[in-house]
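# Structural characterization, general
So you can see what is in the structure, the chains are spelled out below.
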Amino acid sequence: MDTPEVLSASVRTQHTLPEDQPDLAAMRAWVGTLVRDLPDDVRLDVLLVCTELASNAYEHAIGPRVLRVRRHDDVIRVEVEDHTPADLPHLGESRLGSSRGRGLMLIAALSRCWGTREMVGGKTVWAEVSA
């Protein structure tokens, strides 16, 4: 992975997530390096948002999956792309049972906004965290 030492303004970097088994620890380490100059509370919020978005992509969608991180002024935008177009996520709803569906609620609480973008053959779920 070629990445800048610290993610500077208007820089976007991406990482293709492993196909079968998520390596969330490696992903968090990579993102942590990109945002290590941020205050701890913001950095931890970005890491949790990345983890939740990536976990949802493994739980509910097919690959390949790509994580993108972009810093623009005072915002960190996290995007996870997958290849399941029909299953757009909905806040507080899970097809896996009533004890599930809290990941997007965490993302909504930690981010200033979040959403989905459909594309041919897939979707992107994104969130923006104020830096």
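To start, this report covers the structure provided alongside it. Since the structure is predicted, the reported quantities are computational estimates derived from the model, not experimental observations.

### A closer look at the pairing of strand S5 (residues 122–130)
Within S5, 8 of the 9 residues are buried, leaving the element largely enclosed by the surrounding structure. Here strand S3 (residues 75–82) runs beside S5; their pairing, made up of 8 bridges, is antiparallel. Bridge pairing in S5 links Ile76 to Val129. The pairing of strand S4 (residues 113–119) with S5 spans 7 bridges and is classified as antiparallel. Each residue of the ladder has a partner; that of Cys113, found in S5, is Glu128. The hairpin turn running from S4 into S5, its antiparallel successor, is 2 residues long, and Gly121 in that turn takes a positive phi close to 80 degrees.

### Side note on the nonpolar core
In this structure, Val31, Val46, Leu53, Leu67 and Val78 are the most contacted members of the largest nonpolar core, which totals 26 residues. At the level of elements, helix H1 (24–34), helix H2 (40–60), strand S2 (65–72), S3, helix H3 (103–110) and S5 are the ones that each hand at least two residues to this core. Examining the composition of this core, we find that 9 residues originate from one element, H2, more than from any other.

### Comments concerning the packing of H2 against H3
For any two helices packed against each other, one specifies the inter-axial angle together with the distance between the axes. Contact geometry of H2 with H3 gives a least axis separation of 10 Å together with a crossing angle of 150 degrees. Relative to H3, the element H2 lies roughly antiparallel. For the crossing formed where H2 meets H3, the hand is left-handed. Taken together, the residues of H3 that come into contact with H2 (itself represented by Asp45, Leu48, Val49, Glu52, Leu53 and Asn56) are Gly103, Leu104, Leu106, Ile107 and Leu110.

Reading the values: rules and limits
Residues numbered from 1 in each chain as written. Predicted model: local features only at pLDDT ≥ 70, side-chain atom pairs only at ≥ 80, totals over all residues. Heavy atoms only, no water. Buried < 20%, exposed > 50% of the residue type's maximum accessible area, 1.4 Å probe, protein only. Helix = DSSP H or I, 4+ residues; strand = E, 2+ residues; numbered from the N terminus. Pairing = 2+ DSSP bridges. Core = buried A, V, L, I, M, F, W, Y, C linked by side-chain atoms within 4.5 Å. Axes fitted to C-alpha atoms, helices over the stretch in contact; angles between N-to-C directions. Parallel < 35°, antiparallel > 145°, perpendicular 65-115°, else oblique. Left-handed = near helix turned anticlockwise from the far one by under 90°. Contact = heavy atoms within 4.5 Å.

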